[in-house]
Number of protein chains: 2
Amino acid sequence: MAIQKPSIPKGTRDFSPKEMEGRNFIFDIIRNVFKKYGFLPIETPAMENLSTLMGKYGEEGDKLLFKILNSGNYLAKLNTSGISEMPLGSVTQQIAKRGLRYDLTVPFARFVVQHRNEINFPFKRYQIQPVWRADNPQKGRYREFFQCDADMIGSNSLINEFELIKVIDEVFEDFSLPVIIKINNRKVLAGISEIIGESEKIVDITVAIDKLDKIGIKRVLEELSAKGISDQSIKMLQPVFEMKGNNDEKLKFLEDYLSGSEIGMEGVSELRKVFSLISIDPIASELELDITLARGLNYYTGAIIEVKAKDVSIGSLCGGGRYDDLTGIFGLPDVSGVGISFGADRIYDVLLQTDKFPDDEKQHTQVLFVNFGDREVNYILPLLGKLRKEGINSELYPDSVKMKKQMGYADNSNIPYVAIIGEHEIQISEITLKNMKSGDQQTVSFEEMLALLKG
Amino acid sequence: MAIQKPSIPKGTRDFSPKEMEGRNFIFDIIRNVFKKYGFLPIETPAMENLSTLMGKYGEEGDKLLFKILNSGNYLAKLNTSGISEMPLGSVTQQIAKRGLRYDLTVPFARFVVQHRNEINFPFKRYQIQPVWRADNPQKGRYREFFQCDADMIGSNSLINEFELIKVIDEVFEDFSLPVIIKINNRKVLAGISEIIGESEKIVDITVAIDKLDKIGIKRVLEELSAKGISDQSIKMLQPVFEMKGNNDEKLKFLEDYLSGSEIGMEGVSELRKVFSLISIDPIASELELDITLARGLNYYTGAIIEVKAKDVSIGSLCGGGRYDDLTGIFGLPDVSGVGISFGADRIYDVLLQTDKFPDDEKQHTQVLFVNFGDREVNYILPLLGKLRKEGINSELYPDSVKMKKQMGYADNSNIPYVAIIGEHEIQISEITLKNMKSGDQQTVSFEEMLALLKG
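To start, this report covers the structure provided alongside it. (Residues numbered from 1 in each chain as written. Chains lettered and ligands numbered in written order. Predicted model: local features only at pLDDT ≥ 70, side-chain atom pairs only at ≥ 80, totals over all residues. Heavy atoms only, no water.)

Residues and elements named next belong to chain A. Tallying each qualifying case throughout the model produces 28 aromatic pairs over all chains. Taken together, a centroid distance of 6.0 Å and an interplanar angle of 55° make the contact between Phe34 and Phe39 tilted. Their ring planes at 35° and their centres at 6.1 Å tell us that Phe108 and Phe123 sit as a pair that is tilted. With Phe108 in helix H5 (residues 105–114) and Phe123 in strand S5 (residues 123–132), this pair connects stretches of sequence that are 15 residues apart. Both residues of the pair, Phe108 and Phe123, belong to the buried class. Following the ring pairs from residue to residue traces out a cluster consisting of Phe25, Phe34, Phe39, Tyr126, Phe172, Phe175, Phe342, Tyr348 and Phe357. Arg133 extends its terminal NZ or CZ atom over the ring of Tyr102, reaching a point 4.1 Å from the ring centre. (Phe/Tyr/Trp six-rings, centres within 6.5 Å; stacked < 30°, edge-to-face > 60°. Helix = DSSP H or I, 4+ residues; strand = E, 2+ residues; numbered from the N terminus. Buried < 20%, exposed > 50% of the residue type's maximum accessible area, 1.4 Å probe, protein only. Lys NZ or Arg CZ within 6 Å of the ring centre and 35° of its normal.)

Okay, structure coming up:
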């Protein structure tokens, strides 16, 4: 066979041991907080039926799904002579019935409906798995990336929103990464649209509001006008754009502004309730009511949540919200849920950039035994076995090669101690232990070495 | 949209919280032992280029690869009018350039070559990830399943084989699952073929020998004859079939039988070395020299290892061996490696069948606070926060519904304690704590509850 230059698909990544250490640090913290709040783990298959996935992420989303070619002779049932006249979509439908998971929310909704008789509601689940999107790869955007989701399903209580904000706060506190948690409510956005007399244009309005920070008020107004919003309505929007102050002041303004809209007032009252719960058991992060927050408008029906790093300019690190009818499409209506999703890859980038990864030596090998040959190896093996029984990660260099090479291996692997046992050490039943950082050497008994490595 | 009956692709599975607990128990033990022996984690993408995967698993394997449809207009470059005359393979080649990982070994070989300049050899890596095969699903065989691999690459030393046997032994000891570790050596099989004068028929011979247990000696002999092995050669094979005794007796027999074959004697000497290392630092499992073991003959060049449960009839739980030139195809020749792979799904089935999963209460919620309404919730929230700060997994029922429903939730979720705080408890600053197993109730202070949950 010809020699192949090895490579991986565009937008995917290998993770080295060093990178895995950082990633596991992130996953462990998130998993640990999820557990503390009573969330239970589930996993779903990488492949879902395309009928489960299609139509759930908009037209653009359908295109970004990775589709899997049917196995066997996938052309058998296709009228291949007419293929050039067929729309691409219907060819795809005939040759691919499965696709890779695009997010964890739709598979979770499918899971809930499929297993509804085994589930103990209200159901609090977490899920940490990769997802795949055929997006154009760019810095910080990959075709395979990991999501860490926690959702509570089957309860309308705003205590759930409160608990998810606590989860977010605790996770980023454990990362020592200061963040701003932004919160909004879809009902407030609906109320604003109603008040200005453009209820049916809620999406256009919120999309425009969402751009306020990026493109400025002038261009937002132009965009609204272009979308067919009347001048009168735009004028009525003006106070919303100019809203200022702390959360309490904003809530007071909205209460006044939205007093003529039932749904709007409901949104304000929900926000008030969440803020009030947090005042009882405060969080360390900054919490900001931000009515320009409009993510996931397709499915969120209540709270909308987004998290940004405080001192680093990067996209959102976590997002979520309440959805009142996610499982309806799979035949289980009226089940309300609320969830959040941490983006592990972006968190990784931020922690790396801000040098927040701890050096966890216990993760890798703590001592390497030098290999001088058969006789020494036979002496070392039982000692090595004892160390491992005591839970000490330890290695014996497999080949009896030059000392320098073995020391180089220890050095490159960041192994903190090297144990040297030659003929002399065997005679006196001692071990020469070298500290690789300081370069110091000492002669110790096995018990002394064990105590030192454990301490 | 029409309502869809939810389902998942054939051969794939959802994992419930209960199943995840068992699976994590397995992964944690394996990961922990890998670490203790100095293996470092890596991960590779689910998708690999088909050029990396094709031709590595035989013709049958190529068919079992899940192939991913190119994104965008995948038909654009295809001459669709001629499609019905094209062989299926060349259509596939034009519309799919990526596939799902089939095992962890080939991606690892690709990884080693691609990152050779960053790797510290000898490289000991572990990898725990799912793989996908378009096999016909049946009991115990899935289209998505998890492998847990450990490989050492860049060292010829037989200490590596010894260490991997130790890893296997320790993993199954941690599972409290008695196993037989079977070992063979490809060189012994080559020696046997040489001795009987049929060197070029080594594959036919070993495949036949491999079936000895299943189909009996008579049909094995028939099969050898049908493959064109001469009567003379078959007669010379007879003593091999009749070989009996313990490992030492088998080695003595082979030493005698293979004395005329250099490669055969090398195989025996390698086996002797591994047995001798184990005699210095013994294992708990039974170790058996089994010359009918012929798995992975396509790539194994030295040791061949397989693990079977002792008291349960099920396929192999772990397998592995030495391969002398796995990275050659990717342009890095002469790098020897040896590795093992645990099949997590089969191990799960055995542990379930033999009731070996521990009930690890610390994994799920330890206490549920009953929700009587706003006033009580406000009192409970700070206590809940304190418990979680102390690392106690705890929950507040989100809705103020009937007590019976809340107790039912705790019961179904196997939550061991329920904390009841009503008006009375708030007045006297105490908590009524109910033990869900015994049904006992006691009135305790918060500190007493904390101590009890920690203990």
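Now that the structure is up, let's keep going.
What follows is about the pairing of strand S11 (residues 337–343) of chain A. Residues and elements named next belong to chain A. For S11, the buried fraction is high: 6 of the 7 residues fall into the buried class. Here strand S6 (residues 144–153) runs beside S11; their pairing, made up of 7 bridges, is antiparallel. Residue pairing across strands places Ile153 opposite Gly337, the latter belonging to S11. Pairing of strand S10 (residues 318–323) with S11, which is carried by 6 bridges, proceeds in the antiparallel orientation. Directly across from Arg322, in S11, lies its bridge partner Val338. (Pairing = 2+ DSSP bridges.)

This part covers H5(A). Residue and element names in this part refer to chain A. H5 sits mainly inside the fold: 9 of its 10 residues count as buried. Every buried residue belonging to H5 is among Thr105, Val106, Pro107, Phe108, Ala109, Arg110, Phe111, Val112 and Val113, and all of these are buried. Where the residues of H5 are buried, they touch strand S2 (47–49), helix H2 (50–53), S5, S6 and S10. (Contact = heavy atoms within 4.5 Å.)

Let us look at the interface of chain A and chain B. Opposite the 109 residues of chain A that make contact, chain B presents 109 residues. Both faces considered, chain A and chain B share a buried interface measuring about 9,100 Å² in area, 59% of it formed by carbon and sulfur atoms. Broken down residue by residue, the surface that chain A buries against chain B is led by Gln4(A), Lys36(A) and Arg388(A), which jointly contribute 7%. At the boundary of chain A and chain B, one finds 8 salt bridges. Here chain A is connected to chain B by 36 residue pairs in polar contact (both at pLDDT 80 or more). Examining the composition of the side of chain A that touches chain B, we find that 9 residues originate from one element, helix H14 (residues 374–389) of chain A, more than from any other. For the side of chain A that touches chain B, the residue count by class is 50 nonpolar, 36 polar and 23 charged. (Buried area = accessible area lost by both parts, 1.4 Å probe. Salt bridge = Lys/Arg side-chain N within 4 Å of Asp/Glu carboxyl O. Polar contact = N/O pair within 3.5 Å; in protein donor to acceptor, adjacent residues only side chain to side chain. Nonpolar A, V, L, I, M, F, W, Y, C, P; charged D, E, K, R; others polar.)

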